[in-house]
Amino acid sequence: DIQMTQSPSLLSASVGDRVTLSCKASQNIYKYLNWYQQKLGEAPKLLIYYTNSLQTGIPSRFSGSGSGTDYTLTISSLQPEDVATYFCQQYNSWWTFGGGTKLELK
Amino acid sequence: EVQLVESGGGLVQPGRSMKLSCAASGFTFNNYDMAWVCQAPKKGLEWVATISYDGSSTYYRDSVKGRFTISRDNAKSTLYLQMDSLRSEDTATYYCARHRYGGFDYWGQGVMVTVSS
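Residues numbered from 1 in each chain as written. Chains lettered and ligands numbered in written order. Predicted model: local features only at pLDDT ≥ 70, side-chain atom pairs only at ≥ 80, totals over all residues. Heavy atoms only, no water.

(A) Here's a closer look at the packing of aromatic side chains. Residue and element names in this part refer to chain A. For the coordinates displayed, the defined rule picks out 17 aromatic pairs over all chains. Ring geometry for Y36 and F97: centres 5.9 Å apart, planes at 55°, overall tilted. With a gap of 61 residues between them, Y36 in strand 4 (residues 33-38) and F97 in strand 10 (residues 96-97) connect regions that are remote in the sequence. For the pair shown, Y36 and F97 are each scored as buried. (Phe/Tyr/Trp six-rings, centres within 6.5 Å; stacked < 30°, edge-to-face > 60°. Helix = DSSP H or I, 4+ residues; strand = E, 2+ residues; numbered from the N terminus. Buried < 20%, exposed > 50% of the residue type's maximum accessible area, 1.4 Å probe, protein only.)

The structure is reproduced here in structure tokens:
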């Protein structure tokens, strides 16, 4: 099974900050990587698919990048409504998720 | 508007069975593969099972093979998860999700399953 490791597990940032979340796969996943946002008490929401494609309706301050085993989700200017836990998910081999990064306001 | 509404969760004793349902609306159900994804309390997400758009193919994570069965009724736009021989480690919120873009583009609100004596 492909293991997905996210870092950090907890991130504190201020409104307006540029925020970068990391996701590392245990083997090459050839950019088959999605990102989700889950707010407290809600279902996950797809933000980005295939590493860097923005899902419809998602603000352009969210972006993704990466290749091979290393991927990042960037929020260019953090907004209060971005407080959530973010999960990466690979689909090179079945479907596995990272453990999540909880993003909070400083 | 795409909607996925799960039902059927609750408290069940270890070794017993439970069946979850997911009613879909707002899209052509029989055009999409569908899945169940679970999330244990305060834990991450785990893919559980997938069924192809026509029901001809099913896939399961190893820990539920032989115990869980995913199925669908395209005439009713409904997805199911039959869970047998339940274990305490199956305790989680179960989400119905639509497959797209290699992942899951729409999710239901989730239904809680608690396995405990």
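(B) Region of interest: a nonpolar patch on the surface. Together, A:V15, A:V83 and A:L105 give the surface a local cluster of nonpolar side chains, amounting to about 220 Å² of exposed area. Turning to its location among the elements, A:V83 is positioned in the loop between strand 8 (70-75) and strand 9 (84-90). (Patch = residues over 30% accessible without salt bridge, like charges linked within 9 Å, V, L, I, M, F, W, Y side chains within 5 Å. Areas by Shrake-Rupley, 256 points an atom, 1.4 Å probe, with all protein chains shown as cover. Salt bridge = Lys/Arg side-chain N within 4 Å of Asp/Glu carboxyl O.)

(C) The interface of chain B and chain A, seen in detail. Listed as interface residues are 17 residues of chain B and, on the opposing side, 15 residues of chain A. Taking both partners together, chain B and chain A bury about 1500 Å²; carbon and sulfur atoms supply 66% of that area. For the chain B face of the interface with chain A, the top three residues by lost area are B:L45, B:W47 and B:Y101, together amounting to 39%. Linking chain B to chain A there are six residue pairs in polar contact (both at pLDDT 80 or more). A class-by-class count of the residues in the side of chain B that touches chain A yields eight nonpolar, seven polar and two charged. (Contact = heavy atoms within 4.5 Å. Buried area = accessible area lost by both parts, 1.4 Å probe. Polar contact = N/O pair within 3.5 Å; in protein donor to acceptor, adjacent residues only side chain to side chain. Nonpolar A, V, L, I, M, F, W, Y, C, P; charged D, E, K, R; others polar.)

(D) Geometry of the pairing of strand 8 of chain A. Residues and elements named next belong to chain A. Taken together, the six bridges between strand 3 (residues 19-25) and strand 8 define a ladder with antiparallel strand orientation. Looking across to strand 8, one finds that L21 is bridged to L73. Strand direction decides the pairing type here: strand 7 (residues 62-67) and strand 8, joined by six bridges, are antiparallel. Following the sheet pairing, S63 is matched in strand 8 by T74. Counting the residues between successive antiparallel strands, the hairpin from strand 7 to strand 8 contains two residues, one of them, G68, with a positive phi of roughly 65°. (Pairing = 2+ DSSP bridges.)

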